[in-house]
Amino acid sequence: MRHHLGWGLSVTQWFVFLLANALALPIVLGQAFGLDGTEVAGLVQRTLLVVGLSSGLQAWLGHRYPIADGPAGSWAIVFVVMAYIGREQGLNSFDTLQLLSGGVLVAGLIMLVLGLARQVHRLLFLFTPLVTGCFILLLVIQLAGVFVRGMVTDPRTGTMSLPVLLIGLLVFLGVLLCSFSRHNLLRTYAVLVGIVLGWAAFWLFGLSPLAVAAEAGLALPALFAWGLPRLDAGMLVVAVLFSLLLFSNQIAAVTAVSAVVRERQKDEHAVINRSSRISGVSHGLAGCFSTIAVVPLPVTAGFIQLSGEDRRGPFLLACALLALVALFPGAVGVLSLLPAPVANAALLATFIKLVSLAFQLLTKNGLDNRASTIIGVALLLGVGCMFLPAGLYRHFPSMAQYLLGNGLLTGTLLALAMEQLWPKGKG
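Not measured: the values here are computed from a predicted model.

Side note on the overall build of the protein chain
Within the protein chain one finds 17 helices and two strands. In terms of overall dimensions, the protein chain is globule-like: its C-alpha atoms have a radius of gyration of 21 Å, near the 22 Å expected for 427 residues. In terms of principal-axis extent, the alpha carbons of the protein chain reach across some 60 × 55 × 45 Å. Buried residues in the protein chain amount to 54% of all 427 residues. Surface exposure of the protein chain reaches about 18,000 Å², of which carbon and sulfur atoms provide 69%. On the protein chain, the mean spot of the 24 positive side-chain charges and the mean spot of the 15 negative ones are 10 Å from each other.

A short note on a nonpolar patch on the surface
A surface patch of nonpolar side chains, amounting to about 360 Å² of accessible area, comprises Leu-218, Leu-321, Leu-324 and Phe-328. Its place among the elements puts Leu-321 in helix α12 (residues 312–325).

Structural notes on the pattern of salt bridges
Any two side chains of opposite charge can pair, on the condition that their charged atoms come close. Overall, the coordinates contain three salt bridges when judged by the stated rule. As a salt-bridge pair, Glu-309 and Arg-311 come within 3.0 Å of each other at their nearest N and O atoms. Note on Glu-309: relative accessible area 5%, which makes it buried. Using a relative accessible area of 30% as the deciding quantity, one classes Arg-311 as partly exposed.

Description of the nonpolar core
Of all hydrophobic cores here, the largest spans 132 residues; its most connected members are Trp-75, Phe-79 and Ile-136. Here Phe-79 is in contact with Leu-29, Phe-33, Leu-97, Leu-100, Val-104, Trp-226, Thr-291 and Ile-292, once residues within four sequence places are set aside.

A short note on the packing of aromatic side chains
Overall, the coordinates contain six aromatic pairs when judged by the stated rule. Summarising the aromatic geometry, the rings of Trp-75 and Phe-79 are spaced 6.4 Å apart at their centres and angled 90 degrees between planes, so their arrangement reads as edge-to-face. Within this pair, Trp-75 and its partner Phe-79 are both found in helix α3 (residues 73–88), separated by four residues, close to a single helical turn. For Trp-75, a relative accessible area of 0% corresponds to the buried category. Look at Phe-79 and you get buried, because its relative accessible area is 1%. Pairwise contacts between aromatic rings join Trp-14, Phe-17, Phe-303 and Phe-315 into one cluster.

As for unusual backbone geometry
Despite not being glycine, Arg-118 shows a phi value in the positive range, around 55 degrees. Here Arg-118 is to be found in the loop between α4 (93–116) and α5 (129–152).

A look at the packing of helix α2 (residues 37–61) against α12
Contact pair α2 / α12: the axes reach a minimum separation of 7 Å and the direction vectors enclose 155 degrees. By the angle class used here, α2 and α12 are roughly antiparallel. Every pair of crossing elements has a handedness; the one defined by α2 and α12 is left-handed. On α12, the residues touching Leu-48, Leu-49, Val-51, Gly-52, Leu-53, Ser-55, Gly-56, Ala-59 and Trp-60 of α2 are Arg-312, Phe-315, Leu-316, Cys-319, Leu-322 and Ala-323. For the contact of α2 with α12, the class distribution of residues is eleven nonpolar, three polar and one charged.

Here we look at α4
Under the 1.5 Å per step criterion, the end-to-end length of α4 is 34 Å for 24 residues, consistent within 8% with the ideal 34 Å. The backbone nitrogen of Phe-94 lies 3.0 Å from a side-chain oxygen of the residue at the head of α4, namely Asn-92. Arg-118 sits one or two residues past α4 and shows a positive phi near 55 degrees.

Quick look at the environment of Phe-387
For Phe-387, the position within the fold is in the loop between α15 (369–386) and α16 (398–404). Measuring from C-alpha to C-alpha, the distance between Phe-387 and Leu-404 comes to 9.7 Å, with 17 residues separating the pair along the chain.

So, helix α17 (residues 407–421)
Here α17 spans 21 Å end to end across 15 residues, near enough to the 21 Å set by a 1.5 Å rise per residue. Listed as buried for α17 are Gly-407, Leu-408, Leu-409, Thr-410, Gly-411, Thr-412, Ala-415, Leu-416 and Glu-419.

So, the confidence of the model for the protein chain
Looking at the protein chain, the pLDDT average stands at 85 and 94% of residues meet or exceed 70. Averaged over each element, pLDDT in the protein chain is lowest for α16 (71) and highest for α12 (95).

Here's the deal with the packing of helix α8 (residues 190–204) against helix α14 (residues 340–362)
Across the interface, α8 lies against α14 with an axial gap of 9 Å and an inter-helix angle of 155 degrees. Relative to α14, the element α8 lies roughly antiparallel. Handedness of the crossing formed by α8 with α14: right-handed. Where α8 approaches α14, its residues Val-191, Gly-194, Ile-195, Gly-198, Trp-199 and Phe-202 are matched on the opposing element by Pro-341, Val-342, Ala-346 and Thr-350.

As for the environment of Gly-384
With respect to the secondary-structure elements, Gly-384 resides in helix α15. Note on Gly-384: relative accessible area 32%, which makes it partly exposed. The sequence separation of Gly-384 and Gly-411 amounts to 27 residues, and the corresponding C-alpha distance is 9.4 Å.

Notes on the environment of Asp-267
Position of Asp-267 relative to the elements: it lies in the loop between α9 (233–258) and α10 (268–288). With a relative accessible area of 45%, Asp-267 lands in the partly exposed category.

Let's talk about the side chain of Asn-344
Mapped onto the elements, Asn-344 comes out in helix α14. By relative accessible area, which is 6% here, Asn-344 ends up buried. Ignoring sequence-local partners within four residues, the contact set of Asn-344 consists of Phe-147, Gly-150 and Met-151.

Criteria and cut-off values
- Residues numbered from 1 in each chain as written.
- Predicted model: local features only at pLDDT ≥ 70, side-chain atom pairs only at ≥ 80, totals over all residues.
- Heavy atoms only, no water.
- Helix = DSSP H or I, 4+ residues; strand = E, 2+ residues; numbered from the N terminus.
- Rg over C-alpha atoms; globule rule 2.2 N^0.38 Å.
- Buried < 20%, exposed > 50% of the residue type's maximum accessible area, 1.4 Å probe, protein only.
- Areas by Shrake-Rupley, 256 points an atom, 1.4 Å probe, with all protein chains shown as cover.
- Lys, Arg positive; Asp, Glu negative; His and termini not counted.
- Charge placed at Lys NZ, Arg CZ, Asp CG, Glu CD.
- Patch = residues over 30% accessible without salt bridge, like charges linked within 9 Å, V, L, I, M, F, W, Y side chains within 5 Å.
- Salt bridge = Lys/Arg side-chain N within 4 Å of Asp/Glu carboxyl O.
- Core = buried A, V, L, I, M, F, W, Y, C linked by side-chain atoms within 4.5 Å.
- Contact = heavy atoms within 4.5 Å.
- Phe/Tyr/Trp six-rings, centres within 6.5 Å; stacked < 30°, edge-to-face > 60°.
- Axes fitted to C-alpha atoms, helices over the stretch in contact; angles between N-to-C directions.
- Parallel < 35°, antiparallel > 145°, perpendicular 65-115°, else oblique.
- Left-handed = near helix turned anticlockwise from the far one by under 90°.
- Nonpolar A, V, L, I, M, F, W, Y, C, P; charged D, E, K, R; others polar.
- Expected span 1.5 Å × (residues − 1).
- Polar contact = N/O pair within 3.5 Å; in protein donor to acceptor, adjacent residues only side chain to side chain.
- pLDDT = per-residue confidence, 0-100.

See below:
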């Protein structure tokens with residue numbers, strides 16, 4: 001009985017973690033492209049389906065670790081920048097979204113082909129601990145702004161609210177305190193406890209958003225809901241460049257999780273090649289189901305460290321459950337009532353372990369003048385690009401707009417280039 005209860009709680013916690021990571025970005029993108037309520041609901045449904053399928057396939061046939069896939073923050077930035085560029089060029093939202101779907105499919109094809117050819121491991125020399133550490137730190141900085149903003153924003157009004165801020169801070173601190181508890185049960189389910197209590201507080205104070213009407217029964221998500229994917233020269237270049245960032249994300253996630261699980265796989269090259277194949281498949285699913293692409297999330301390592309839950313069995317069941325639930329719009333409507341501030345606050349707490357991992361990687365081979373300079377340049381210019389207003393570079397070529405609008409891509413490419421071009425032992 002106790003065993004079954006433990007499995008049930010583990011599946012529930014993984015399910016909530018997958019759900020919390022999947023809900024926020026589709027809503028943000030819906031707002032950026034001016035989608036109506038029905039279109040956003042469809043986007044959320046399709047995203048949950050792709051997240052469940054992709055996460056399960058990775059854990060079963062890909063890297064074979066319990067790593068949650070979720071909408072890629074790096075892709076989200078490209079989508080938001082493209083929304084702005086599309087408006088400047090007189091394109092309607094669906095024309096721009098069709099171009100983005102084309103880019104997602106091209107990036108997926110690159111990852112699939114390299115994975116099938118078992119050549120991804122030949123790129124590992126590019127992603128040294130220094131480059132991977134810079135990527136993780138830039139990712140944390142970039143997403144921290146998104147999650148903190150989500151933690152303090154009232155979902156009913158879209159403005160900052162003191163009660164919401166206080167509940168968000170209490171959830172954040174509660175998850176941290178539970179993770180340090182002497183009681184194993186409380187420590188293991190810290191994230192779940194924080195989300196349940198935070199959700200209850202929202203209901204108690206009447207802060208929860210109103211339910212969205214959804215059709216009852218089974219409804220398969222629509223294919224090519226944005227129209228058939230298209231491609232132009234600019235998006236083709238972005239997709240090829242972005243593949244490097246996706247490989248970096250993949251390696252960072254596998255590196256982070258393999259460092260905290262009890263059963264680590266021995267053949268790292270095979271793990272990366274298998275993961276690349278499935279990432280290609282998941283990008284194909286995202287392109288066909290008209291969603292933002294999903295990627296393995298390095299933040300899962302923080303979740304595993306907080307909870308101590310690293311078994312694949314409960315994780316695979318949670319993935320299957322999420323994909324099944326996504327087929328029922330009524331259930332998706334209920335799940336979307338999870339208050340965004342509560343989910344953001346609970347997930348933000350898991351970032352602390354990720355920051356620690358980033359510093360471990362950055363200092364793994366010592367911090368001489370060369371390493372310090374590479375880190376400094378990558379962080380200063382990468383973070384600086386995150387704060388540039390979109391209108392500042394609207395007259396630049398589209399390629400420059402993609403780079404300047406994505407600090408994570410800019411900083412990671414700078415770290416990668418300097419690491420390869422600056423010989424070790426000099427400086």
